[in-house]
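One-letter residues, chain by chain:
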Amino acid sequence: MFNVGSGEKKLIGAAALCVVVVLFGTIAVSQPAQGSVILTYNSTPLSEAAGAIHDPFLGPGSVDYNGTTATMFDDVMVVALDPTYATWVIANVIVEITMEHSFIGDLTIKLESAVGTVVTLVNRPGSGGPDNGSNSGGAGYSANLIYDYPITYSDDPALPADPPLPSAEDIGLDGLGVSLASDDVVGQSNGDWYQPDKDTAAGEGLLSAFDGQLAWGDWTLYLADSAAFDDGHLRQWSLRIELVPIPEPATIVLLLCGGVMMTRHNGRRRRV
Ligand SMILES: [Ca+2]
Ligand SMILES: [Ca+2]
Ligand SMILES: [Ca+2]
């Protein structure tokens, strides 16, 4: 049997209290659906000319995609601060893109959050080429995107998981895994919801990478075309952002408990 002094008893008591409070805090925090809010933002629609996505070899003055966002077509959308949720953080992001293109396998699309995290939504689906703008690795899928069939990118685990959303790398396949024809429309004869591309060389394929961030500020959609012939246009995109409150009570208790334990621990060491 251990002899426990009054100091140790207080320490054990504080630790036990912390465990209890943290447990309750964890339970509260593990229910993000309670008290979460979903905010939706739509970008300003672009004219045909303003939404033209650069196709390589278009001529003097053009900048070919080289794998950097600086060489991609970009469209910025402001997610303005909502004072009601100023300190809430991202729990989920879904993005819908309305565009047209006559060869989806040419496309690389990325989304950058307000704090600068870049996620690759799709990288030349059907092509094993690297994410560097080179036209190597074979042609991708030849099916088309049209304005009437927007495509949604999501890795929300709460969405139907049976079957799970297909990877955007398979966006040009029908339900049987067969390539769509070159004049078929993605989302018309196959699904219009996809998980971000897991094929990307950049390894940035999860929208959950935004979780825990503040949403306020400029979000940027980037698009690039890595193969000559066939091009397209962006018209509009939208963000569905789920926010949850920062788990303040549990966080504060955790910090307080940590401080108490450290103080007592250091105090004991100093007396030895
Ligand atoms: Ca690919
Ligand atoms: Ca086509
Ligand atoms: Ca092209």
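All values derive from a computational prediction rather than experimental measurement. Residue positions are given per chain, counting from 1 as you read along its sequence in written order. Chains carry letters and ligands carry numbers; both start at the beginning, A for chains and 1 for ligands, and go up in the order they are written. Reporting in this predicted model follows two pLDDT cut-offs: at least 70 for local features of residues, and 80 or more for side-chain atom pairs to be given and counted; totals over whole chains, interfaces and linings ignore these cut-offs and use all residues.

Participant: Explanation requested: the overall build of the protein chain in the structure shown.
Facilitator: Helix and strand labels come from DSSP, where a helix needs a run of H or I of at least four residues and a strand needs a run of E of at least two; each type is numbered from the N terminus. Scanning the protein chain for helices and strands turns up two helices and ten strands. Along the protein chain, helices (α) and strands (β) appear in the sequence α-β-β-β-β-β-β-β-β-β-β-α when read from the amino end. Out of the 272 residues belonging to the protein chain, those deemed buried represent 29%. Residue pairs qualify as contacts under a 7 Å threshold applied to their C-beta atoms, which are placed from the backbone. Looking at the protein chain alone, contacts between residues at least 24 apart form 81% of all its contacts between residues at least 6 apart. Burial is judged by counting other C-beta atoms within 10 Å of a residue's own C-beta: 20 or more means buried, 12 or fewer means exposed, and anything between counts as partly exposed, with every C-beta placed from the backbone.

Participant: How should I be thinking about the environment of Ile151 in this particular structure?
Facilitator: Following the sequence through the fold, Ile151 ends up in strand S7 (residues 151-153). A sequence separation of 86 residues divides Ile151 from Trp237, and the C-alpha atoms of the two residues are 9.5 Å apart.

Participant: Would you take a moment to explain the confidence of the model for the protein chain for this structure?
Facilitator: If pLDDT is low for a region, its predicted coordinates should not be looked at in detail. Put simply, the protein chain has an average pLDDT of 80, and 72% of its residues get 70 or more. Think of pLDDT as the predictor's per-residue confidence, scored from 0 to 100. Throughout residues 1-32 the model reports pLDDT below 50, and contacts reaching past four residues in sequence, or to other chains, amount to 22 contacts. Every residue in residues 258-272 scores below 50 in pLDDT, and together they form four contacts with partners more than four places removed in sequence or on other chains.

Participant: How should I be thinking about the sheet that holds strand S3 (residues 73-79) in this particular structure?
Facilitator: Remark on secondary structure: sheet strands pair via backbone hydrogen bonds, oriented parallel or antiparallel. Each pair of strands is called paired provided DSSP finds at least two bridges between the two strands. The four strands lie next to each other as S3-S9-S5-S6, forming an open sheet whose pairing is antiparallel. Only two strands of the sheet have a single partner each, and these edge strands are S3 and strand S6 (118-123). Between one strand axis and the next, the sheet turns through 15 degrees on average, direction left out of account. Where S3 lies against strand S9 (residues 217-225), seven bridges are found, and the strand directions are antiparallel. With axes taken as lines fitted to C-alpha atoms, and helix axes fitted only over the stretch in contact, angles between N-to-C directions fall between 0 and 180 degrees.

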